[in-house]
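# Breakdown of the fold
Here are the chains, one letter per residue:
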Amino acid sequence: LTMTLEEIHGQENTMENADRVQSAGAALEELLVAAKKQDYLTVGVYESAKVMNVDPDSVAFCVLATDEEYECDIALQIHFTLIQAFCFDNDINVVRVNDIERLADLVGANETGEPKDAHCILVTSPSANPWKDPALDKLSLFCEESRSVYDWVPTITLPER
């Protein structure tokens, strides 16, 4: 079995990419848990849109979650398109996650115990005193690298439980 250099290099890239996505997933989990403790999370499409409208400078990171339901929900797709456009205009990194249940677990239920609408989650931080978090830096780098290969809204896989 002989492989060309390109094939070997291609395999390395795939491995590197899988590692990148996994470490980004771990960083995202870390970030959401830390932001929740600080009360720096906004959960829900409408809640997120409100924050973007009122205080766009406070938005540090945006997570969009897709599931089977998303494929059929035109309104949600329109919201996602608008949210992404807003993020691109304001230099806010955006990622997609395909596991809405895990996301909902991470961000928790609302006061009434109903699971929150985890389709859109914003990590916010006060503009006066921006929040520094190593996980946020890792994710920013991940998004930057993804953009360099024209992946504008990279998909992140959360680590298995």
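This is a predicted model, so every value here is computed, not measured.

Burial runs high along helix H5 (residues 100–107): six of the eight residues are buried. What H5 keeps buried is the set Ile100, Arg102, Leu103, Ala104, Leu106 and Val107. Just beyond H5, the residue with positive phi is Gly108, at close to 85°.

Right, let's talk about the nonpolar core for a bit. Judged by nonpolar contacts, the single largest core of 31 residues is most densely connected at Leu28, Phe61, Leu103 and Ile121. Only helix H1 (5–38), strand S1 (41–43), strand S2 (59–65), strand S3 (93–97), H5, strand S4 (120–124) and helix H6 (134–148) provide two or more residues apiece to this core. Broken down by element, the residue count for this core peaks at seven residues, all from H1. Those residues within four positions of Leu28 in sequence are excluded, and the remaining contacts are Phe61, Val63, Val95, Val97, Leu139, Ile156 and Leu158. Grouped together as the second largest cluster of nonpolar side chains are 17 residues, Val45, Val59, Phe86 and Cys120 included.

Turning next to the pairing of S3. Most of S3 sits out of view: five of its five residues are buried. Because side chains alternate across S3, one face comprises the buried residues Asn93, Val95 and Val97, and the other comprises Val94 and Arg96, equally buried. Pairing geometry for S2 and S3, over five bridges, is parallel. Each bridged residue has a counterpart across the sheet, and for Phe61 the counterpart in S3 is Asn93. Alignment of S3 against strand S5 (residues 155–156), held across two bridges, turns out to be parallel. Among the inter-strand pairings, Arg96 is bridged to a residue of S5, identified as Thr155.

Bringing the packing of aromatic side chains into the picture now. Both the distance between ring centres and the angle between the ring planes are used here to describe each pair of aromatic rings. Per the counting criterion, the structure on display carries two aromatic pairs. Between Tyr40 and Trp131, the ring centres sit 5.3 Å apart and the planes meet at 70°, which makes this aromatic pair edge-to-face. Of the two residues, Tyr40 sits in the loop between H1 and S1 while Trp131 sits in the loop between S4 and H6, which places them 91 residues apart along the sequence. Residue classification places Trp131 among the buried positions, given a relative accessible area of 13%. Residues Tyr150 and Trp152 carry aromatic rings whose centres are separated by 6.0 Å and whose planes lie at 65° to one another, so their mutual orientation is edge-to-face. Overall, Trp152 belongs to the partly exposed group, its relative accessible area being 44%.

Cut-off values and rules
- Residues numbered from 1 in each chain as written.
- Predicted model: local features only at pLDDT ≥ 70, side-chain atom pairs only at ≥ 80, totals over all residues.
- Heavy atoms only, no water.
- Buried < 20%, exposed > 50% of the residue type's maximum accessible area, 1.4 Å probe, protein only.
- Helix = DSSP H or I, 4+ residues; strand = E, 2+ residues; numbered from the N terminus.
- Core = buried A, V, L, I, M, F, W, Y, C linked by side-chain atoms within 4.5 Å.
- Contact = heavy atoms within 4.5 Å.
- Pairing = 2+ DSSP bridges.
- Phe/Tyr/Trp six-rings, centres within 6.5 Å; stacked < 30°, edge-to-face > 60°.

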